[in-house]
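Survey of secondary and tertiary structure
What follows is each chain in one-letter form.
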Amino acid sequence: ALRYSRVATRFVGSVPVFIHDDEGVHPFETLNYNEFGLLIHTLKSREKRFEVGDIIEGVIGSVDVQQVTFKGEVVRTQRKNDDLFYGVKMLGPLLPKADQ
């Protein structure tokens, strides 16, 4: 039987990510991302801490480019020096931000 594997295009680089919750908006940056997930980081000095299993929502991109909204689950956390890293699994499609 033929098996098809689909490889997601991975984008590497720093793209702003803004996570929204009851406390406000928290800025992060991507290290890499694809349609299935994100690897984001922030400095501990500006930290908003998440735990594995947390569901997060926000926006990828800056105001001068097409922003997309996302919803994801934190599947990994890591601390290295002054950085906090989060692996986020997408829980739905990336959608264009409604007010653009």
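Residues numbered from 1 in each chain as written. Predicted model: local features only at pLDDT ≥ 70, side-chain atom pairs only at ≥ 80, totals over all residues. Heavy atoms only, no water.

**A word on the pairing of strand β6 (residues 68–80)**
Strand residues, when the strand is regular, have side chains that alternate between the two faces of the sheet. Applied cut-off: Only when DSSP finds a minimum of two bridges between them are two strands counted as paired. Elements are defined by DSSP. Helices are runs of H or I of four residues or more, strands are runs of E of two residues or more, and each kind is numbered from the N terminus.
Pairing of strand β5 (residues 55–60) with β6, which is carried by six bridges, proceeds in the antiparallel orientation. Opposite Val-59, over in β6, you have Thr-69 as the bridge partner. Where β6 lies against strand β8 (residues 95–96), two bridges are found, and the strand directions are antiparallel. Residue pairing in the sheet places Val-68 in a bridge with Pro-96 of β8. The sheet contact formed by β6 and strand β7 (residues 83–90) spans eight bridges and is antiparallel. Among the inter-strand pairings, Lys-80 is bridged to a residue of β7, identified as Asp-83. Where β6 folds back on β7, the antiparallel hairpin that results is connected by two residues, among which Asn-81 adopts a positive phi of roughly 55°.

**Some points on the packing of aromatic side chains**
This is how the line gets drawn: We call Phe, Tyr and Trp rings a pair once their centres come within 6.5 Å, taking the six-membered ring for Trp, and we label the pair stacked below 30 degrees between planes, edge-to-face above 60, and tilted otherwise. Only protein chains enter the accessibility calculation, which uses a 1.4 Å probe. A residue is then buried if its area is under 20% of the maximum for its type, exposed if over 50%, and partly exposed in between.
In this structure the tally under the stated criterion is three aromatic pairs. Ring centres 5.9 Å apart and planes at 35° place the aromatic pair Phe-28 and Phe-50 in the tilted group. Here Phe-50 lies in the loop between β4 (37–43) and β5 and Phe-28 lies in strand β3 (residues 24–34), a separation of 22 residues in the sequence. Owing to a relative accessible area of 4%, Phe-28 belongs among the buried residues under this scheme. Between the aromatic rings of Phe-28 and Tyr-86, the centroid separation amounts to 6.0 Å while the plane-to-plane angle is 75°, which identifies the pairing as edge-to-face. Of the two residues, Phe-28 sits in strand β3 while Tyr-86 sits in strand β7, which places them 58 residues apart along the sequence.

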